Amino acid sequence: MLAVSAAARLLRPRSLPWPRLPPARSLALDRRKSPPGIYGNPSKFRTMLDFLPAPAGTDPDAIVTSPAASSIVYDGGSGPGALIHKVEIMAPASKNALTPDMMVELEDAVKRCEKEAPSFLVITGAGGTFCSGANIRMAKEAIMPDDQSTDGGQAMAEHMTFVLNRLRDCSTISVAAIDGAAYGGGAELATACDFRVMSPGARIKHVQSKMGVTTGWGGGRRLAEIVGRRNALRMLTFGETVDVDMAVRWGLCDYVTPEDETAATFIENLIREEFPRTASPVTRSWKAVVDAKSEREEIDLFTTHWNQPAHRFRFDEAMNKK
Ligand SMILES: CC[C@H](C(=O)O)C(=O)SCCNC(=O)CCNC(=O)[C@H](O)C(C)(C)COP(=O)(O)OP(=O)(O)OC[C@H]1O[C@@H](n2cnc3c(N)ncnc32)[C@H](O)[C@@H]1OP(=O)(O)O
């Protein structure tokens, strides 16, 4: 299991002093002098973090050896092509709020999923909460300078929209396994997944309206696609707490777990019941099928699977049952 640790970003060779950028004002005003890649680059957030002052109280030269208090933990299961890979948002002390470093690690996790191509990616949170959105303390410190510069917010929004679009667009079927709260950016992460599983006490809440900001990770647009324009407008305008019943009614929740089962356990069992032996190559074609722009695209996808080993095996199996 790879724990891509937030501390890793603090592990800087003692010889290299922590690169310090002048305060955000000059960042905003001297764009031509800003570090390479900060502007006009989807992953400029990653670059920006390398040039931000170390968070208050962090000794830039400290070599952090203990496991990070917050990280994105990627479980690659039985390896590339496995039936299920898992991502756990591991920051229970802050209800799995995403620090800027974790947002970078989430990009690494999505890239690994694209590369290793599991059939399913189950995303869940540690400690009975899914995700409470951006870590407001760290965001305030790192990307909300007193001069009201908007650069940091724009960089985070572009980074997270870029990452969540890649999650949604990759061939792996993603499932948000929601126990407890999916709030703010956590709700936006949940809507970027193909399916949502909720345990009985789970709730989804776009709190952005109460935070004086709109959705910034692509979640508003995706929400309207899922629940319809009117329901999305109601959820966003009032920051409504959507419980399991309401989520099921609005199509925002695909499965509800029994009382005594976590959402991740429920969906993993369901997947393994449906695919008892191995992953099926067909699973990773379904998103392309439903997104096909023409019959020709769907016929071509069908043709790629016809008379191939998995297809031949299943036909033989079906005929031998007769
Ligand atoms: C586009 C993204 C968007 C943006 O950037 O604008 C955002 O995501 S902004 C963040 C939006 N999220 C929130 O406002 C959620 C705030 N948290 C809560 O409403 C609750 O914590 C909840 C419902 C998630 C859980 O409530 P519960 O009573 O179970 O726990 P506590 O409230 O006591 O929280 C425990 C502990 O966690 C800290 N915490 C919780 N959420 C965050 C967060 N988003 N950022 C930083 N820290 C968070 C909370 O302060 C407590 O810490 P403690 O030191 O124990 O007081």
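Residues numbered from 1 in each chain as written. Predicted model: local features only at pLDDT ≥ 70, side-chain atom pairs only at ≥ 80, totals over all residues. Heavy atoms only, no water.

The chain goes by Ethylmalonyl-CoA decarboxylase in an unreviewed UniProt entry, where it is assigned to Tetraparma gracilis. Under the UniProt heading Function (unreviewed entry), the entry covering the chain gives this text: "Decarboxylates ethylmalonyl-CoA, a potentially toxic metabolite, to form butyryl-CoA, suggesting it might be involved in metabolite proofreading. Acts preferentially on (S)-ethylmalonyl-CoA but also has some activity on the (R)-isomer. Also has methylmalonyl-CoA decarboxylase activity at lower level." (UniProt positions renumbered as here; feature names shortened; annotations may be inferred.)

Enquirer: Is there a simple way to think about the sheet that holds strand β9 (residues 241-243) in this case?
Expert: By way of backbone hydrogen bonds, the strands of a sheet pair with one another, either parallel or antiparallel. Judged by pairing direction, the sheet is mixed, and its 3 strands sit side by side in the order β6-β8-β9 without closing on themselves. Strands with a single pairing partner mark the edges of an open sheet, and in this sheet they are β6 (181-183) and β9. Neighbouring strand axes in the sheet, compared pairwise and without regard to direction, differ in orientation by 20° on average. In the sheet, strand β8 (residues 203-205) pairs with β9 via 3 bridges, with the strands oriented antiparallel. Looking at the pairing, lysine 205 lines up with threonine 241 of β9. Packed onto the sheet, helix α6 (residues 185-192) meets β6 and β8 and runs at close to 100° relative to β6. (Pairing = 2+ DSSP bridges. Helix = DSSP H or I, 4+ residues; strand = E, 2+ residues; numbered from the N terminus. Axes fitted to C-alpha atoms, helices over the stretch in contact; angles between N-to-C directions. Contact = heavy atoms within 4.5 Å.)

Enquirer: Just to check I follow, could you spell out the packing of aromatic side chains for this structure?
Expert: Counting across every chain of the model gives 4 aromatic pairs. Note on tyrosine 255 and phenylalanine 266: the rings are 6.0 Å apart at their centroids and 50° apart in plane angle, and the pair reads as tilted. In this pair, tyrosine 255 sits in strand β10 (residues 255-256) while phenylalanine 266 sits in helix α10 (residues 263-274), placing the two residues 11 residues apart along the sequence. Since its relative accessible area comes to 31%, tyrosine 255 is described here as partly exposed. Aromatic ring contacts, followed pair by pair, group Phe302, Trp306 and Phe315 into a single cluster. (Phe/Tyr/Trp six-rings, centres within 6.5 Å; stacked < 30°, edge-to-face > 60°. Buried < 20%, exposed > 50% of the residue type's maximum accessible area, 1.4 Å probe, protein only.)

Enquirer: What should I look at first to understand the packing of helix α7 (residues 219-227) against helix α8 (residues 229-238) in this one?
Expert: Each pair of packed helices can be described by the angle between their axes along with the distance between the axes. Contact pair α7 / α8: the axes reach a minimum separation of 7 Å and the direction vectors enclose 135°. Classified by the angle between their axes, α7 and α8 sit oblique to one another. Crossing geometry of α7 relative to α8 is assigned as right-handed. Along its contact with α7, which presents Gly220, Leu223, Ala224 and Val227, the element α8 presents Arg229, Asn231, Ala232, Met235 and Leu236. Counted by class, the contact of α7 with α8 contains 6 nonpolar, 2 polar and 1 charged residues. (Parallel < 35°, antiparallel > 145°, perpendicular 65-115°, else oblique. Left-handed = near helix turned anticlockwise from the far one by under 90°. Nonpolar A, V, L, I, M, F, W, Y, C, P; charged D, E, K, R; others polar.)

Enquirer: Help me understand the pairing of strand β4 (residues 120-125) in this model?
Expert: Strand residues, when the strand is regular, have side chains that alternate between the two faces of the sheet. The element β4 is extensively covered by neighbouring structure, given that 6 of its 6 residues are classed as buried. The side-chain alternation of β4 yields two buried faces, one formed by Phe120, Val122 and Thr124 and the other by Leu121, Ile123 and Gly125. Here strand β3 (residues 84-90) runs beside β4; their pairing, made up of 6 bridges, is parallel. Opposite lysine 86, over in β4, you have valine 122 as the bridge partner. The β-α-β motif built from β3, the intervening helix α3 (residues 100-116) and the parallel element β4 has right-handed crossover chirality. (Right-handed = clockwise from strand over helix to strand, strands pointing away.)

Enquirer: Help me understand a nonpolar patch on the surface in this model?
Expert: Taken together, Ile136, Met211 and Val213 make up a surface patch of nonpolar side chains, about 300 Å² in accessible area. Structurally, valine 213 is set in the loop between β8 and α7. The class for valine 213 is partly exposed, based on a relative accessible area of 49%. (Patch = residues over 30% accessible without salt bridge, like charges linked within 9 Å, V, L, I, M, F, W, Y side chains within 5 Å. Areas by Shrake-Rupley, 256 points an atom, 1.4 Å probe, with all protein chains shown as cover. Salt bridge = Lys/Arg side-chain N within 4 Å of Asp/Glu carboxyl O.)

Enquirer: What exactly am I supposed to notice about the site of the ligand here?
Expert: Close contacts around the ligand come from 21 residues, with Ala93, Ser132, Ala134, Ile136 and Gly185 the closest. At 3.2 Å, a backbone N or O of alanine 93 approaches an oxygen atom of the ligand. Taking alanine 134, its main chain carries an N or O atom lying 2.9 Å from an oxygen atom of the ligand. Relative to its free-state accessible area of 1,000 Å², the ligand is covered by the protein chains to the extent of 64%. Counting residues per element, the ones that place at least two in the shell around the ligand are α4 (136-143), β6 and α6. Split into classes, the residues belonging to the shell around the ligand amount to 11 nonpolar, 7 polar and 3 charged. (Near = heavy atom within 4 Å. Polar contact = N/O pair within 3.5 Å; in protein donor to acceptor, adjacent residues only side chain to side chain.)

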